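Per-entry structural report
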Amino acid sequence: MSDWEADSDGDGGGSGPAALPEWRPPPAPCAGSGEQARSPEPERAEARGGRRLEAWRPPEAGSAAARGPQTWQRRGEQGVEPLRFRLDSTVIGALIGRGGAKIRELEDLSGSRIQIIRGEHEAEVKIFGNDVTQNKAKMLIDDLVKRCSQTYPAERTEKAFFKHQDFSYNDSQDSSCDFVKCRNAPQKSVIDWTSLRENKARYEAMKWADLPPIEKNFYKESPTVASMSREEVENWRKENNDITCDDLKGGEKRYIPNPACKFEDAFKHYPDVMANIRKVGFQKPTPIQSQGWPIILQGIDLIGIAQTGTGKTLAYLMPGFVHLDSQPIPRHQRDGPGMLVLIPTRELALQVEAECSKYTYKGIKSICIYGGGDRKGQINMVTKGVDIVIATPGRLNDLQKNNFINLKSITYLVLDEADRMLDMGFEPQIMKILIDIRPDRQTVMTSATWPDGVRRLAKSYLKDPMIVYVGTLDLTAVNTVEQQVVVIPEEEKRAFTRYFIDTMKPTDKVIIFVGKKLTYVIKLMTYQVTSVSREYLFSLFMATENSVIENKL
Ligand code: AMP
């Protein structure tokens, strides 16, 4: 759709295409008559239900267009015989251009005035000026139309212009409205939408024909959870970060499952998961886990609006482990990974991978694929066979395009931190990746915010999801810790760090965040001044700093 149409649509009123009022040349003194050439008449046009032409701006004073009338009205007060022809409406948007820019350019180049009277299917074009300027304008328009690859009807005219042009008449048409085609112009291709749609459905069916069935429902609600009253559920949600839930499926709303308040409520039937949880010593599920697990474990798509630090990674990983291990086709017989986590940055990808490895379940193998990492090594690992791929969209799309990874085997998809992925411009890569993932998969999406872009993504790629919003966490600092913020210039950073380390007491601990080098941050976290020399700590800081600078270069 052209900008023009986009602009005009808003005024259309939805009652079918309205005829446009005439666009007239801008006000200019008429030689000899003292009359003013009139600008469009918006009020009259609106009264007729037509579209207003206020988007049009008259040419700049002094431009060729504004000077035009002095030339084209050389035939005096009797008026000028315009060169008239008709064009298919589909090319009018391109002829007018954004806000009338193109038509003004054509007028300036040719020195003529161009008038367009738009009808439902065709528009009449009138070119005012002398033979030279009219022909010049006509040639420019023809060129534009050719570039739009259109054929168009034109009115037979006796003007010499047509005799010199590469046009042929189609005599089978009514003589008052002959169709004239540019010989060089390609034929207008008619798009057969019905056949395209049928073929798409057929192609889709073929593409997914040989895939194994998916099993998605693994939830057995515990008697304690089942016995919770509505009021108890409401109270629990209020007390747990003010969770709110909704069913986004159209039609009658489904019942949002009661929260699994204890780990056993969700994973009693999966002893290996329970063993993992006991191993790390977590007391109880976080709110997003309690409310998310019963939904995901039932095979329902989930949107979790939750920030980092809410336990959202385990909210999707744990049910993912169960899903992977409970498919009808055993893991080792599958032709590729079963679970994909798309995530915006390498740091986050590494963190999720660390969680995956920490809670390792029945030998499930995971790998991390991110831009800037060793591409060859990543390809080697993927081709050796893995169950879970945690990837940033750019690098994964690269491996997908080059056929290093089979995405058809994925049955459990996670779009983690979707808002950040969109902010970072990954939407095109996500779209390309998802083309190759079976549409009947289960999808979980997390996001810290819920703006329009994320809603659109969810609508396109999740099927009848439920949504769980986790209210903001209480992130205020404890009042027993004194906080000091010191802002120092870049060039003083190293000297300040040196001074800070040197003045630390032997029992002090330090975490130094250096750029985005999270791996180094983790290393630094383990240091205590008692166990490591100040010199070594500072040299570590400097090495990290230098590597950040090198990476930037
Ligand atoms: P995330 O929001 O996924 O980045 O998780 C933040 C941190 O919370 C991670 O270090 C997790 O290991 C930890 N975590 C996840 N679930 C729980 C839980 N139920 N209890 C305590 N800590 C948890």
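Structure shown above.
Bear in mind that the values here come from a model prediction, so they are computed numbers and not experimental data.

This part takes up the overall build of the chain. Of regular secondary structure, the chain possesses 23 helices and 14 strands. By residue count, 45% of the 553 residues in the chain fall in the buried class. Looking at the chain alone, contacts between residues at least 24 apart form 70% of all its contacts between residues at least 6 apart. Total accessible area on the chain is roughly 29,700 Å²; 51% of this is exposed by carbon and sulfur atoms.

Here we take up the state of the cysteines. For the structure shown, the criterion picks out zero disulfides. Cys368 provides the cysteine sulfur closest to Cys356, a residue in no disulfide bond, and the two sulfurs are 9.1 Å apart.

Pairing between side chains of opposite charge can happen when their charged atoms approach one another. Counted under the stated rule, the structure contains 23 salt bridges. For Lys238, the salt bridge is made with Asp242, and the minimal N-O distance between the two is 3.1 Å. Here Lys238 falls in the exposed class, since its relative accessible area comes to 57%. Given a relative accessible area of 40%, Asp242 falls into the partly exposed group. A salt bridge links Arg331 to Asp325; the nearest nitrogen and oxygen atoms lie 3.6 Å apart. Here the salt bridges share partners, and the residues they tie into one network are Lys312, Asp416, Glu417 and Arg420.

We now examine the site of the ligand. Near the ligand, the surroundings consist of 15 residues, among which Gln289, Gly309, Thr310, Gly311 and Thr313 are the closest. A distance of 3.4 Å is found between an oxygen atom of the ligand and a backbone nitrogen or oxygen belonging to Lys312. Notes on the ligand: free accessible area 500 Å², of which the protein chains cover 72%. Among the elements that make up the shell around the ligand, the one with the highest residue count is helix 14 (residues 312–325) (three residues). Here the residues of the shell around the ligand are counted per class, giving five nonpolar, seven polar and three charged.

Moving on, we come to the sheet that holds strand 12 (residues 412–415). An order of 7-14-8-13-12-9-11-10 is seen for the eight strands of this open sheet, with the pairing classed as mixed. Every other strand in the sheet has two partners, leaving strand 7 (244–247) and strand 10 (366–369) as the edge strands with one partner each. Mean inter-strand twist for the sheet, computed between neighbouring axes without regard to direction, equals 15°. Examined bridge by bridge, strand 9 (residues 339–342) and strand 12 share four bridges and lie parallel to one another. In the strand pairing of strand 12, Val341 is matched with Val414.

In total, this model carries six aromatic pairs according to the counting rule given. An angle of 45° between the planes, with centres 6.3 Å apart, marks the rings of Phe282 and Tyr359 as tilted. Of this pair, Phe282 sits in the loop between helix 12 (271–280) and helix 13 (287–297) while Tyr359 sits in the loop between helix 15 (346–358) and strand 10, and the two are 77 residues apart along the sequence. On the accessibility criterion, Tyr359 (0% relative accessible area) is buried. Where Phe321 meets Tyr361, the ring centres are 5.8 Å apart and the plane angle is 15°; that geometry is what we call stacked. Note that Phe321 is positioned in helix 14 and Tyr361 in the loop between helix 15 and strand 10, a separation of 40 residues in sequence. On the accessibility criterion, Phe321 (1% relative accessible area) is buried. Among the aromatic residues, those joined into a cluster by ring pairs are Phe263, Phe267 and Trp293. The ring of Phe85 has Lys138 sitting right over it, with the charged end atom 4.3 Å from the ring centre.

Procedures and definitions
- Residues numbered from 1 in each chain as written.
- Predicted model: local features only at pLDDT ≥ 70, side-chain atom pairs only at ≥ 80, totals over all residues.
- Heavy atoms only, no water.
- Helix = DSSP H or I, 4+ residues; strand = E, 2+ residues; numbered from the N terminus.
- Buried < 20%, exposed > 50% of the residue type's maximum accessible area, 1.4 Å probe, protein only.
- Contact = heavy atoms within 4.5 Å.
- Areas by Shrake-Rupley, 256 points an atom, 1.4 Å probe, with all protein chains shown as cover.
- Disulfide = S-S within 2.5 Å.
- Salt bridge = Lys/Arg side-chain N within 4 Å of Asp/Glu carboxyl O.
- Near = heavy atom within 4 Å.
- Polar contact = N/O pair within 3.5 Å; in protein donor to acceptor, adjacent residues only side chain to side chain.
- Nonpolar A, V, L, I, M, F, W, Y, C, P; charged D, E, K, R; others polar.
- Pairing = 2+ DSSP bridges.
- Axes fitted to C-alpha atoms, helices over the stretch in contact; angles between N-to-C directions.
- Phe/Tyr/Trp six-rings, centres within 6.5 Å; stacked < 30°, edge-to-face > 60°.
- Lys NZ or Arg CZ within 6 Å of the ring centre and 35° of its normal.

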